[in-house]
Protein chains: 2
Amino acid sequence: MRRLLLVSNSTLYGSGYLDHCEENIRSFFSRDVKRVLFVPYALHDRDEYAKIARNKFQSLGGGNTFRLLKCLYDNKLVTEIRKRVLEEGVPYMGSSAGTNVATISINTTNDMPIVFPPSFSAIGLVPFNINPHYLDTDPNSRHMGETREQRITQFHEEPGTPCVLGLREGCMLLVEGDKATLLGTTKARLFMRGQPSVEYSPGSDLSFLLTAAQ
Amino acid sequence: MRRLLLVSNSTLYGSGYLDHCEENIRSFFSRDVKRVLFVPYALHDRDEYAKIARNKFQSLGGGNTFRLLKCLYDNKLVTEIRKRVLEEGVPYMGSSAGTNVATISINTTNDMPIVFPPSFSAIGLVPFNINPHYLDTDPNSRHMGETREQRITQFHEEPGTPCVLGLREGCMLLVEGDKATLLGTTKARLFMRGQPSVEYSPGSDLSFLLTAAQ
């Protein structure tokens, strides 16, 4: 029954706010949707953020993942949203931080941990993790911080950790019931614990991720 | 009484492991130090990590900040290390993750939150936060993830948050009692809540940070 649209990023280089996924959002919400609940917790200025969302006539969820998840817990919304989406079929759309909190946990966010949520467990609308804004390693970089791939590999050194779908900027995952499809213009990279990573092109059927054992 | 050497990064582009701060480490540990306790918690393969440290005859602390802090709590070492360093004058040296955990909190780490520590509060050897591997904004980047400056600004949107010293790769902070000095070859950038950021060159006296009110 669930319907999810999990977008890597709100803005894509060279285009405007949510432009890159506008058609997808339009068709995702076209079916009977009259009202959209926008959750502005991930940014500090919630009124301004809500205004931007209203102006665009769309829902989204970007900003800081820790702040978003903490506010969802503080307002007792984690289980409520899970119930509404999984049991009552309310469509859920998230971008970046809003995509992270839709998965099992926020363990694979790129954000700075500016606030301390009571748990890294998230809404759990899908049984795997996502890394939004997935970034390929730059062979010319002189910066010595870990690459994104190294960070996800560190996550998979921990026992029992689930798959991580790296969504490059410009792509998104559409989930309808037990069917998951990669949409957009860029590829996604799937990291599985103890296995080589795999690339998927837009249009790929990723439904197997929804049944993957944890 | 405290003596701290807080290094931004273990490896600098174009040189070997800990080469860039080798002289600083040598002089930091020369005074009466016969044994060094190496804390290998931040990486998964602790034996291999300890071997690298032993081979270099130096102590360090890099890897994943969340993993390091969680292990310090799990082994009840946070208050113990604080006591030994602040009350008994045991020298403390950290690099990257080891630098983050030496400050008030790990709220300004760059690492992925791969494990959930019981708190983001850290050892608290200094009354401010550090962002290691500090990275300037790349005006040519097409990536739309937040810049480091934006992330620290988000941190400072939260009430009561302390100063953040951005240590670029190649620099480090030496603390001796109530005196703090920037060392190395690169500048540091200080972010204060509600004020413009300030650049400091190697050699700068940053002792005022040690008395700053929280």
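Refer to the structure printed above.
Please read these numbers as outputs of a predicted model, since none were measured by experiment.

**Considerations on unusual backbone geometry**
Item 1. The phi angle at His133 of chain A is positive, at roughly 55 degrees, despite the residue not being glycine.
Item 2. For His133 of chain A, the location among the structural elements is in strand S3 (residues 129–134).
Item 3. Positive phi, normally seen in glycine, also occurs at Lys76 of chain B, with a value near 55 degrees.
Item 4. As for its placement among the helices and strands, Lys76 of chain B is situated in the loop between helix H3 (65–74) and helix H4 (78–88).
Item 5. Taking relative accessible area as the criterion, Lys76 of chain B reaches 68% and is therefore assigned exposed.

**Structural notes on the sheet that holds strand S8 (residues 198–200) of chain B**
All names here are of chain B.
Item 1. Taken together, the four strands give an open sheet; going across it, the order is S3-S4-S7-S8, and neighbouring strands pair in mixed fashion. Looking at which strands have only one partner, the edges of the open sheet turn out to be strand S3 (129–134) and S8. Across the sheet, the axes of successive neighbouring strands diverge by a mean angle of 25 degrees, strand direction being ignored.
Item 2. Pairing of strand S7 (residues 188–191) with S8, which is carried by three bridges, proceeds in the antiparallel orientation. Each bridged residue has a counterpart across the sheet, and for Leu190 the counterpart in S8 is Val198.
Item 3. Most of the contacts of helix H6 (residues 148–157) go to S3, to which it runs at about 170 degrees, and overall it touches S3, strand S4 (164–168) and S7.

**So, helix H6 (residues 148–157) of chain A**
Item 1. Where H6 of chain A is concerned, the buried positions are Arg148, Arg151, Ile152, Gln154, Phe155 and His156 of chain A.
Item 2. Along its buried surface, H6 of chain A packs onto S3, strand S4 (164–168) and strand S7 (188–191) of chain A together with H3 of chain B.

**What about the packing of aromatic side chains?**
Item 1. Scanning all chains against the criterion turns up 14 aromatic pairs over all chains.
Item 2. Arranged with centres 6.0 Å apart and planes meeting at 45 degrees, the rings of Tyr200 of chain A and Phe208 of chain A form a pair that is tilted.
Item 3. Classification of Tyr200 of chain A by relative accessible area gives buried; the value is 18%.
Item 4. A ring pair is formed by Phe28 of chain B and Phe29 of chain B, whose centres lie 5.1 Å apart and whose planes are at 70 degrees; its orientation type is edge-to-face.
Item 5. Overall, Phe28 of chain B belongs to the buried group, its relative accessible area being 2%.
Item 6. Among the aromatic side chains, those forming a connected cluster through ring pairs are Phe66, Phe116 and Phe120 of chain A together with Phe66, Phe116 and Phe120 of chain B.
Item 7. Across the ring face of Phe28 of chain A, the terminal group of Arg3 of chain A is positioned such that the distance to the ring centre comes to 4.6 Å.

**Some details on the relation of the copies chain A and chain B**
One copy of the chain maps onto the second through a rotation around an axis plus a translation along that axis.
Item 1. For the pair chain A and chain B, the best superposition has an RMSD of 0.0 Å and corresponds to a rotation of 180 degrees with a translation of 0.0 Å parallel to the axis. The symmetry that links the two subunits is that of a two-fold axis.
Item 2. In this assembly the copies share their binding face: 100% of the residues contributing to the interface of chain A also contribute to that of chain B.

**Concerning the pattern of salt bridges**
Item 1. This model, assessed by the stated rule, comprises 26 salt bridges over all chains.
Item 2. Residue Glu48 of chain A is joined to Lys51 of chain A by a salt bridge in which the shortest nitrogen-to-oxygen separation is 3.8 Å. Placement of the pair is Glu48 of chain A and Lys51 of chain A together in helix H2 (residues 46–56), with a separation of three residues, close to one helical turn.
Item 3. A single network of salt bridges, built from pairs that share partners, joins Arg67 of chain A together with Glu157 and Glu158 of chain B.

**Some thoughts on the environment of Leu167 of chain A**
Residue and element names in this part refer to chain A.
Item 1. Tracing the chain through its elements places Leu167 in strand S4.
Item 2. Residue classification places Leu167 among the buried positions, given a relative accessible area of 0%.
Item 3. In the structure, Leu167 is positioned 32 residues away from Glu199 in sequence and 10 Å away in space, judged by C-alpha atoms.
Item 4. Not counting residues within four places of it along the chain, the set of residues in contact with Leu167 comprises Leu6, Ser8, Thr99, Ile130, Asn131, Pro132, His133, Tyr134, Met172, Leu173, Leu182 and Ala188.

**Quick notes on the sheet that holds strand S5 (residues 171–176) of chain B**
All names here are of chain B.
Item 1. What the four strands build is an open sheet, ordered S2-S1-S5-S6; its pairing is mixed. With one partner strand each, in any of the chains shown, strand S2 (92–95) and strand S6 (179–184) form the two edges of the open sheet. In this sheet, neighbouring strand axes are inclined to one another by 15 degrees on average, regardless of whether the strands run parallel or antiparallel.
Item 2. Here helix H1 (residues 22–29) sits on the sheet and contacts strand S1 (3–7), S2, S5 and S6; the angle it forms with S1, its principal contact strand, is near 165 degrees.

**Observations concerning the nonpolar core**
Item 1. Judged by nonpolar contacts, the single largest core of 94 residues is most densely connected at Tyr92, Val101, Phe128 and Leu165 of chain A together with Tyr92, Phe128 and Leu165 of chain B.
Item 2. For Tyr92 of chain A, the residues in contact, after removing those within four places along its chain, are Arg3, Leu4, Leu5, Leu6, Phe28, Ile81, Val85, Gly98, Val101, Ala102, Ile123 and Leu125 of chain A.

**As for the interface of chain A and chain B**
Item 1. The interface of chain A with chain B comprises 41 residues on the first partner and 41 residues on the second.
Item 2. Between chain A and chain B, the buried area comes to about 3,600 Å², and carbon and sulfur atoms account for 60% of it.
Item 3. Taken together, the connections running from chain A to chain B amount to six salt bridges.
Item 4. Across the pair Arg67 of chain B and Glu158 of chain A runs a salt bridge, and its minimum N-O distance is 2.9 Å.
Item 5. The tally of links from chain A across to chain B stands at 18 residue pairs in polar contact (both at pLDDT 80 or more).
Item 6. Listing elements by their share of the side of chain A that touches chain B, those giving two or more residues are helix H3 (65–74), S3 and H6 of chain A.
Item 7. The biggest single contributor to the side of chain A that touches chain B is H6 of chain A, with six residues.

Cut-offs applied
Residues numbered from 1 in each chain as written. Chains lettered and ligands numbered in written order. Predicted model: local features only at pLDDT ≥ 70, side-chain atom pairs only at ≥ 80, totals over all residues. Heavy atoms only, no water. Helix = DSSP H or I, 4+ residues; strand = E, 2+ residues; numbered from the N terminus. Buried < 20%, exposed > 50% of the residue type's maximum accessible area, 1.4 Å probe, protein only. Pairing = 2+ DSSP bridges. Axes fitted to C-alpha atoms, helices over the stretch in contact; angles between N-to-C directions. Contact = heavy atoms within 4.5 Å. Phe/Tyr/Trp six-rings, centres within 6.5 Å; stacked < 30°, edge-to-face > 60°. Lys NZ or Arg CZ within 6 Å of the ring centre and 35° of its normal. Least-squares fit on C-alpha atoms with pLDDT ≥ 70 in both. Salt bridge = Lys/Arg side-chain N within 4 Å of Asp/Glu carboxyl O. Core = buried A, V, L, I, M, F, W, Y, C linked by side-chain atoms within 4.5 Å. Buried area = accessible area lost by both parts, 1.4 Å probe. Polar contact = N/O pair within 3.5 Å; in protein donor to acceptor, adjacent residues only side chain to side chain.

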